[in-house]
Every structure is written in structure tokens, then in C-alpha cells.
Amino acid sequence: MAAERGAGQQQSQEMMEERGPVNWAGFLGQMDSGAWIKLTGESNQKSLAMRKGGGRAAVQWRTSVSAIENIDTLTSLESLFLGKNKITKLQNLDALTNLTVLSMQSNRLTKMEGLQSLVNLRELYLSHNGIEVIEGLENNNKLTMLDIASNRIKKIENVSHLTELQEFWMNDNLLESWSDLDELKAAKSLETVYLERNPLQKDPQYRRKIMLALPTVRQIDATFVRF
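Remember, it's a predicted structure, so these values are computed and weren't measured experimentally.

S.K.: Looking at this model, I keep getting lost on unusual backbone geometry. Mind explaining?
M.R.: Despite not being glycine, Asn70 has its phi angle at roughly 60 degrees, a positive value. Tracing the backbone through its elements, the reader meets Asn70 in the loop between β3 (56-61) and β4 (79-81). Despite not being glycine, Lys84 has its phi angle at roughly 60 degrees, a positive value. Tracing the chain through its elements places Lys84 in the loop between β4 and β5 (101-103).

Given below as C-alpha cells:
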């Protein structure tokens, strides 16, 4: 699964670019109805239109999105991609109970919040933000993919209940303690972890210690485990 996605954290943005102009500020997937959508931008040129094709719907904006608004009627939405914007807060997502994929990469988030109603969420992408603490995932028990790479996180915590995790990406953070890996031991299907470019990678036994702590893992960073 990790090999198919590749080593980088740009999958959701690539999906956006494959389906439309590269200046999209957002991409909405798996919608049943066509409607006008408006998210707050930084100028008066905010919302263009919704387009449908191939079972998906997309929204294009002229300006970067700075807030998540006016999407409470999209109750059938299954995928929401809002990467590379200027969003500062995860909010107004309570009605999207069918959402399975949420991508908020490369925004201005500092806190994991507003996810309590997303009980069907399976993939969460929050890389390249300013998040400092892993939190707010109490109701997201179905998560199989958690991407919190390139943030400011010092500790793996509040994820021990995520027993269905298959991929955990936390490279480019501030992780120092090996004992933090205990938080992932309940995820018996965990196959891929990215922890490179954290302080603990300086340990000469870096890969060996990950393998001992998480014996189900088959890929560490971009390299498969050899037995």
C-alpha cells in the first residue's frame, strides 16, 4: 500500500492536479448532487463553480481558501482535499459523517481539532502544518492512514486506540523518545512507518529499534524491511 502511494506526502495534491487546473484551491470527491460551494478566500473573487465528471465533483477557487465554511449540506461527501491553502483551523466538518478521506496538507493549522464527528474517516493527511500535539482523534477509530509529517510534534501520544492503523507518517518532526513507539503497538496491521529526519534517527540502531518495537512493520521510511 505504501509503495503504491510512494514515499512522498503529495498524493492528495497530485489527485487534484490530475483532475483540473493546478490553481485549484480545493477538491471535493464522491458527491451525489451538484451545488454551488463557497469557501472564504482573501479577495472578492472567491467561488467559481462545481464541475462533475467520472463520479466525482470538483470546486475551483480563484483565491486561496482561508476558512472551511458552507459545506454542511454536503452530507454524502466521502473525500475532501484542501491542500496548499491558508486554512488556520479545522472546523465546520460535523455534517460530513460519511467522509473517509480528509487532506489538509500545507495549510496553517496549529491544532488537531474538529474531527469528532468524522467517525468513518480512514485517511487523514495533515502534513506540512504547524501542529505541536497529536490530539482530537478519540472518535476516529477507523483510521488506517495518519499523515502528520513535517509539523512540530515532539511526542507520539493519543493514538493507542487506533488499532486499524496500517500507515503512520511522522517524518520531519521533533520526536526523541523511543518509548513513544509503544503508542503504536496495538495497531497489529501497521505495515509502514515514516520517522526519518526526527532526532531519534541519529541513533545508529534506528531501523533495528523500530523493527523490535513494531514487529509487524514491513517498510521503514522509503525502504522495505529485510528479513
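What follows picks up the thread again.
S.K.: So what exactly am I meant to see when it comes to the environment of Phe168 here?
M.R.: Of note, Phe168 is situated in strand β8 (residues 167-169). Along the primary structure Phe168 and Leu195 are separated by 27 residues, whereas in three dimensions their C-alpha atoms are 8.6 Å apart. Those residues in contact with Phe168 that sit more than four places away from it in its chain are Leu146, Ile148, Ile156, Leu184, Leu190, Thr192, Val193, Tyr194 and Leu195.

S.K.: So what exactly am I meant to see when it comes to the packing of aromatic side chains here?
M.R.: All told, the structure shown has two aromatic pairs when counted by the stated rule. Ring centres of Trp169 and Tyr194 lie 5.4 Å apart, and the angle between their planes is 75 degrees; this geometry places the pair in the edge-to-face category. Residue Trp169 is located in strand β8, and its partner Tyr194 is located in strand β9 (residues 192-194); the two are separated by 25 residues in the primary sequence.

S.K.: Which parts of the structure should I look at to understand the pattern of salt bridges?
M.R.: Side-chain pairs of opposite charge can arise where the charged atoms are in close proximity. Going through the model one piece at a time under the given rule, you end up with seven salt bridges. With a closest N to O distance of 3.1 Å, Glu135 and Lys111 form a salt bridge. In this pair, Glu135 sits in the loop between β6 (123-125) and β7 (145-147) while Lys111 sits in the loop between β5 and β6, placing the two residues 24 residues apart along the sequence. Where Lys209 meets Asp203, a salt bridge forms, and the shortest distance between an N and an O atom there is 2.6 Å. Its relative accessible area of 32% is what places Lys209 among the partly exposed residues. On the accessibility criterion, Asp203 (18% relative accessible area) is buried.

S.K.: I'm lost on the nonpolar core in this one. Help?
M.R.: Side chains that are nonpolar tend, in soluble globular proteins, to be buried together. Judged by nonpolar contacts, the single largest core of 49 residues is most densely connected at Leu93, Leu102, Leu137 and Phe168. Top element by residues in this core is helix α3 (residues 206-213). It accounts for three residues. The residues contacting Leu93, other than those within four sequence positions of it, are Ile68, Ile71, Leu80, Leu102, Gly114, Leu115 and Leu118. If you look at the next biggest cluster of nonpolar residues, it comprises six residues, including Val101, Met145, Trp169 and Tyr194.

Quick notes on the rules
- Residues numbered from 1 in each chain as written.
- Predicted model: local features only at pLDDT ≥ 70, side-chain atom pairs only at ≥ 80, totals over all residues.
- Heavy atoms only, no water.
- Helix = DSSP H or I, 4+ residues; strand = E, 2+ residues; numbered from the N terminus.
- Contact = heavy atoms within 4.5 Å.
- Phe/Tyr/Trp six-rings, centres within 6.5 Å; stacked < 30°, edge-to-face > 60°.
- Salt bridge = Lys/Arg side-chain N within 4 Å of Asp/Glu carboxyl O.
- Buried < 20%, exposed > 50% of the residue type's maximum accessible area, 1.4 Å probe, protein only.
- Core = buried A, V, L, I, M, F, W, Y, C linked by side-chain atoms within 4.5 Å.

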